[in-house]
Amino acid sequence: MTTPGATPSPEESPGRPAFPGDRAPAPLAATAFAAPTRVGASYDDAADVELVDVTKRFGRFVAVEHMNVSIARGAFYSLLGPSGCGKTTTLRMIAGFEQPSEGEVLIAGQPVAGVPAYRRNVNTVFQHYALFPHMDVARNVGYGLRQRGITGDDERRRVDEALALVRLGGLGGRHTWELSGGQQQRVALARALVNRPTVLLLDEPLGALDLKLRKEMQLELKALQHQVGITFVYVTHDQEEAITMSDVVVVMRDGHIQQQGSPRDLYERPVNRFVAGFLGLSNFFSGRLADHEPATGAASVSLGDGTIIRGRLTDPAARPSAGAEVTVAVRPERLSIARADGGAAAPLEHTTRLTGRVQQATYLGEQNEYRVETELGELIARRQNNEASGALPGVGPGDAVVVGWEDDANLVLVA
Ligand code: ATP
């Protein structure tokens, strides 16, 4: 039964996918971290976490203001933004470590105002995972179970399942100091998952790992989330991490949501300059709106020198008036670049075409990046580093080049 005021357990929540441990345990180890089978955003329509007009003040300082989010059951949500934008505060309000100053938090449809953290059916994984040093791995993982009176064979079975999920099967007897950083983080994950929470909250959980391990763990975490079907709310300031793992990314700044959507939406249709600059690189041009067709989003922008650029407004809700200040953003990979002295690869056909000089050429491994000084300022172009895409061997600082792109690369941002 659901305790009054507490959130229902997964077993009690209608429509919730079964935790793997609820099925026959044998194949778990074999299937752990298999490639996700669900394609696209196939999570449930019901919300597991809702923030309704939530504001959090610390004294007179407003850390989060009028935040509205509905996190779908079984989805991987990331809160992304620069340091101090309110991500952790938001997570702590869901966990129950902080109470909103205004507004309401709901978990699995139940308001949780006044419900203490330990009574909420959510678990948190922190960057500093703080394993208990006096307990072996299995005792660490089983801690939450014992707190709830689950001991003996039941505890052992569920600990084994959780360890298999995070690929640590057979390591239950190890001391925690005998594990690598990545393995310790997996123990922390197993410890958080073993109680079968409705929602798993993760606060920069990979922050302490080196880059290679971090990238591996990103994919593992994503696969694990698909497998267990638990809603994940993940805090990060690393845009690449958020893009790699999330079904939905919520971009925050100064306590406010700037935009939320799929990684593709945010990258290809950022609604403002902050989002366009925070997710990936962009070339920006400032100008004034010359013309705008609300039905299609088609827009013309007059740049300072009179150049007219045609593109589309990324924010379908925006209704800017003619003459409004806008920004045009163009992703570096949408720019073609060729030597000015000709060659088959010259971008002669492009609608916008500028000549310039290379300021800097940087080898990035799979890509080369060129910073080119043009009449519209410095532009960044990136080219795939393979012969098929026509690499530019030998092009370097001082060389004259032509840079071009198509109208559909122009993202017109109103803010
Ligand atoms: P980071 O990525 O650096 O962890 P964040 O986006 O998670 O940042 P929060 O930790 O949510 O940011 O903090 C948001 C703002 O609220 C910051 O300016 C922070 O200093 C402030 N803040 C957080 N907790 C408190 C507190 N207990 N008392 C006063 N101010 C606080």
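Residues numbered from 1 in each chain as written. Predicted model: local features only at pLDDT ≥ 70, side-chain atom pairs only at ≥ 80, totals over all residues.

## With respect to the pairing of strand S16 (residues 352-363)
Along any regular strand, the residues point their side chains to alternate faces of the sheet. As a reminder of what qualifies: Strand pairing requires that DSSP identify at least two bridges connecting the strands. Only DSSP runs of H or I with at least four residues qualify as helices, and only runs of E with at least two residues qualify as strands; both kinds are numbered from the N terminus onward.
With 6 bridges connecting them, S16 and strand S19 (residues 400-405) associate as antiparallel partners. Note that in S19 the partner of Thr352 across the bridge is Trp405. Here S16 runs beside strand S17 (residues 367-374); their pairing, made up of 7 bridges, is antiparallel. When the sheet's bridge partners are listed, Arg357 is paired in S17 with Glu373. Between S16 and S17, which pair antiparallel one after the other, the connecting turn spans 3 residues, and Gly365 there sits at a positive phi close to 90 degrees.

## Quick look at helix H6 (residues 211-228)
Filter applied, for reference: To estimate how far a helix should reach, multiply one less than its number of residues by 1.5 Å. Working definition of burial: number of other C-beta atoms within 10 Å of the residue's own, with buried at 20 or more, exposed at 12 or fewer, and partly exposed in between, all C-beta atoms being placed from the backbone.
Taking 1.5 Å of rise per residue, the 18 residues of H6 would be expected to cover 26 Å, and the 25 Å separating its terminal C-alpha atoms lies within 8% of that figure. Along H6, the residues classified as buried are Met217, Gln218, Leu221, Leu224, Gln225, His226, Gln227 and Val228. Of the residues trailing H6, Gly229 is marked for its positive phi of about 70 degrees.

## Digging into the nonpolar core
Put simply, the test is: Defined on buried residues, the nonpolar core groups Ala, Val, Leu, Ile, Met, Phe, Trp, Tyr and Cys residues joined through C-beta atoms within 7 Å.
Formed by 98 residues in total, the largest nonpolar core has its most connected members in Ala190, Val233 and Val250. With 6 residues, helix H5 (residues 181-193) is the largest single contributor of residues to this core.

## Considering H5
Heads up, the condition is: Residues are treated as contacting if the C-beta atoms built from their backbones sit within 7 Å of each other.
Along its 13 residues, H5 runs 18 Å from first to last C-alpha, staying within 8% of the 18 Å computed at 1.5 Å per residue. Most of H5 sits out of view: 10 of its 13 residues are buried. Among all positions of H5, only Gln184, Gln185, Arg186, Val187, Ala188, Leu189, Ala190, Arg191, Ala192 and Leu193 are buried. Each element contacted by the buried residues of H5 is listed here: strand S6 (122-126), helix H3 (137-147), helix H4 (152-165), strand S7 (199-203) and H6.

## Overview of the sheet that holds strand S15 (residues 336-339)
Where we set the bar: Note on method: axes are straight lines fitted to C-alpha atoms, helices fitted across the in-contact stretch only, with angles between N-to-C directions ranging 0 to 180 degrees.
If you walk across this open sheet you meet the 5 strands as S15-S19-S16-S17-S18, and the pairing is antiparallel. The open sheet has two free edges, formed respectively by S15 and strand S18 (377-384), since each of these has just one partner strand. Each adjacent strand pair in this sheet contributes to an overall mean axis angle of 40 degrees, direction not counted.

## A look at the site of the ligand
The line we're drawing: Whether a residue is near a molecule or strand depends on its C-beta atom, placed from the backbone, lying within 6 Å of it. When residues are grouped by polarity, Ala, Val, Leu, Ile, Met, Phe, Trp, Tyr, Cys and Pro land in nonpolar, Asp, Glu, Lys and Arg in charged, and all others, Gly among them, in polar.
In the neighbourhood of the ligand, the contacting residues comprise Phe58, Phe61, Ala63, Gly81, Ser83, Gly84, Cys85, Gly86, Lys87, Thr88, Thr89 and His237. Secondary-structure elements contributing two or more residues to the shell around the ligand are strand S2 (61-72) and helix H2 (87-95). In terms of residue count, H2 provides more of the shell around the ligand than any other element does, 3 residues in total. Its residues assigned to classes, the shell around the ligand shows 4 nonpolar, 7 polar and 1 charged.

## Focus: unusual backbone geometry
Of note, Arg167 is a non-glycine position whose phi angle comes to about 65 degrees, a positive value. Its identity is not glycine, yet Glu204 carries a phi of approximately 45 degrees, on the positive side. Relative to the assigned elements, Glu204 resides in the loop between S7 and H6.

## Let's talk about the packing of H5 against H6
This is how the line gets drawn: An angle below 35 degrees is read as roughly parallel, one above 145 as roughly antiparallel, one from 65 to 115 as roughly perpendicular, and any other as oblique. In this scheme the crossing of two helices becomes right-handed for a clockwise turn of the near helix relative to the far one and left-handed for an anticlockwise turn of less than a right angle.
Two elements in contact, H5 and H6, have axes separated by 11 Å at closest approach and are oriented at 20 degrees. As far as their axial angle goes, H6 and H5 are roughly parallel. Like other packed secondary-structure pairs, H5 and H6 cross with a definite hand, here right-handed. When H5 is examined against H6, the residues Gly181, Gly182, Gln185 and Leu193 are found in contact with a partner set consisting of Leu213, Met217 and Val228. By residue class, the composition of the contact of H5 with H6 is 4 nonpolar, 3 polar and no charged.

## Re the confidence of the model for the chain
For the record, the criterion: The predictor attaches a confidence to each residue, and that confidence, scored 0 to 100, is pLDDT.
For the chain, mean pLDDT is 85; residues scoring 70 or higher make up 86% of the total. Counted against residues more than four places away or in other chains, residues 1-41, with its pLDDT under 50, gives 60 contacts.

## Topic: the pairing of strand S12 (residues 298-303)
Direction of pairing for strand S11 (residues 283-292) relative to S12: antiparallel, over a ladder of 5 bridges. Within S12, the residue paired with Asp291 across the bridge is Ser300. The turn joining S11 and S12, which pair antiparallel and follow one another in sequence, is formed by 5 residues; a positive phi near 85 degrees is taken by Gly297. Between S12 and strand S13 (residues 308-313), which pair antiparallel and follow one another directly, the connecting turn spans 4 residues, one of which, Gly306, has a positive phi of 95 degrees.

## Comments concerning the sheet that holds strand S4 (residues 102-107)
One open sheet accounts for 4 strands, arranged S2-S1-S4-S5; its pairing is antiparallel. Taken across any chain shown, the strands that pair with only one partner, and hence form the sheet edges, are S2 and strand S5 (110-111). Bridge count between strand S1 (residues 47-58) and S2: 8 bridges; the pairing is antiparallel. Counted as the bridge partner of Lys56 is Val64 from S2.

## So, the packing of H3 against H5
For any two helices packed against each other, one specifies the crossing angle of their axes together with the interaxial distance. Between H3 and H5, the shortest axis-to-axis distance is 7 Å and the interhelical angle comes to 30 degrees. In terms of axis orientation, H3 runs roughly parallel to H5. Classified by chirality, the crossing of H5 by H3 is right-handed. On H5, the residues touching Val137, Asn140, Val141, Tyr143 and Gly144 of H3 are Val187, Ala190 and Arg191. By residue class, the composition of the contact of H3 with H5 is 5 nonpolar, 2 polar and 1 charged.

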